[in-house]
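Okay, here's what each chain looks like letter by letter:
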Amino acid sequence: PPFGRLVKALTLLALAATPTEGFSAATGTFAAMQNRLFSPFAAKSVGKVHVATHRKLGPVMSGSHLVDLKGKVAFVAGVADSSGYGWAIAKQLANAGATIIVGTWPPVLTLFERGLSKGFGEDSKLLDGTDMKIEKIYPLDAMFTTPEEVPDEVKNNKRYAGLTGFDIASCAEKVKKDYGRVDILVHSLANGPEVTKPLLKTSVVGVCVLYDCDGQQVCADDAAGGSCISLTYIASERVVPGYGGGMSSAKAQLESDTRVLAWEAGREYNVRVNTISAGPLASRAAIAIKKGAPGERNFIDYCIDYNLANAPLAKPLDADDVGRWALALCSPLGSAVTGTVQYVDNGMHVMGLSVDSLSVQEAAIIQPRRK
């Protein structure tokens, strides 16, 4: 097909401009084939305990123009440390000049504030060399829509001591009072109380908690022309054993809500709604899914290795990869994009065959990766 010929031509041009040593047909033993399948980074990375990383790249460009979000207010719900996608998205929005405010789960609020006061080192550095400034932190528990829904056992819980107004409605009122409006809303919440359990053994309460957290997206009347984004995962449409507690079902609901909200919020408020299906990252929340014993690897480490071995782009996924794409979606670059699931996973979502599987060890159909 013409498109295939065009891609081939562009690929050949790229190969002509870069070293191609070691790029040959897939032949020989399975071990040799595996060595060729892995990129140099992947070969060094597989089998280790992974950590979330950030890479410094230049500012996002549109033609000859920088993305400028000065004067825009971005509320990022679900930031509690510097390792997750929420932090990375906030950082990229800050790079573009947006005012960053965050909503943090009350039980980890003090810990997060302590971390901010100490500083997160390079993770906080913006492109201009300054540290990202979070203008304000709001306690937020998306389990509760109104103050009336907060039960006494939560109010009296020491982890919530001294905190009020952490339900969604109260938090939104506070933000409106402080800033007038929110231009960008980021849903980066993760709260699966039974995530280590398979779906068959997950309670109704556990599933409802997830549906409440993942189903909440707020589009205020005075946020006309704004953008809402959330984070999902491929387990919403494919089976990922070990990703339990109803998380896969909740992500499927989130993606469905994204489509419906795109229509409703788009027509009523001119607000765009999208979700990013991100690849695995060794964030605090991801490590908690199934944490290994001291000296052992975590569940998320195996997920990362699987992606490194099988994704079309054999390279690590950084938090900032997702952050930059979120920036594009929230900026004028994405002004005509809404109701979509955007995959930022090095292409893993297109794969139907595990190329590192023993089942294909004798196959010569697997294209090796360039060294």
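One can find Lys136 in strand β5 (residues 134–139). Accessibility expressed as a relative area gives 36% for Lys136, which makes it partly exposed. Considering only alpha carbons, one finds Lys136 and Ile101, 35 residues apart in sequence, at a separation of 5.0 Å. When residues no more than four places from it in sequence are discounted, the contact partners of Lys136 are Ile100, Ile101, Val102, Asp178 and Tyr179. In this structure the side chain of Lys136 is engaged in a polar contact, spanning 2.9 Å, whose partner is the side chain of Asp178.

The next subject is the packing of helix α4 (residues 85–95) against helix α12 (residues 319–330). Their axes nearest at 8 Å, the elements α4 and α12 cross at an angle of 50°. Put simply, α4 runs oblique to α12. Two packed elements cross with a definite hand, and for α4 against α12 that hand is right-handed. Touching Tyr85, Ala88, Ile89, Lys91, Gln92 and Leu93 of α4 are Ala319, Asp320, Val322, Gly323, Arg324, Ala326, Leu327 and Cys330, all from α12. Partitioned by chemical class, the residues of the contact of α4 with α12 number nine nonpolar, two polar and three charged.

Further remarks concern the environment of Lys133. Of note, Lys133 is situated in the loop between α5 (109–118) and β5. For Lys133, a relative accessible area of 56% gives the class exposed.

Conventions adopted
- Residues numbered from 1 in each chain as written.
- Predicted model: local features only at pLDDT ≥ 70, side-chain atom pairs only at ≥ 80, totals over all residues.
- Heavy atoms only, no water.
- Helix = DSSP H or I, 4+ residues; strand = E, 2+ residues; numbered from the N terminus.
- Buried < 20%, exposed > 50% of the residue type's maximum accessible area, 1.4 Å probe, protein only.
- Contact = heavy atoms within 4.5 Å.
- Polar contact = N/O pair within 3.5 Å; in protein donor to acceptor, adjacent residues only side chain to side chain.
- Axes fitted to C-alpha atoms, helices over the stretch in contact; angles between N-to-C directions.
- Parallel < 35°, antiparallel > 145°, perpendicular 65-115°, else oblique.
- Left-handed = near helix turned anticlockwise from the far one by under 90°.
- Nonpolar A, V, L, I, M, F, W, Y, C, P; charged D, E, K, R; others polar.

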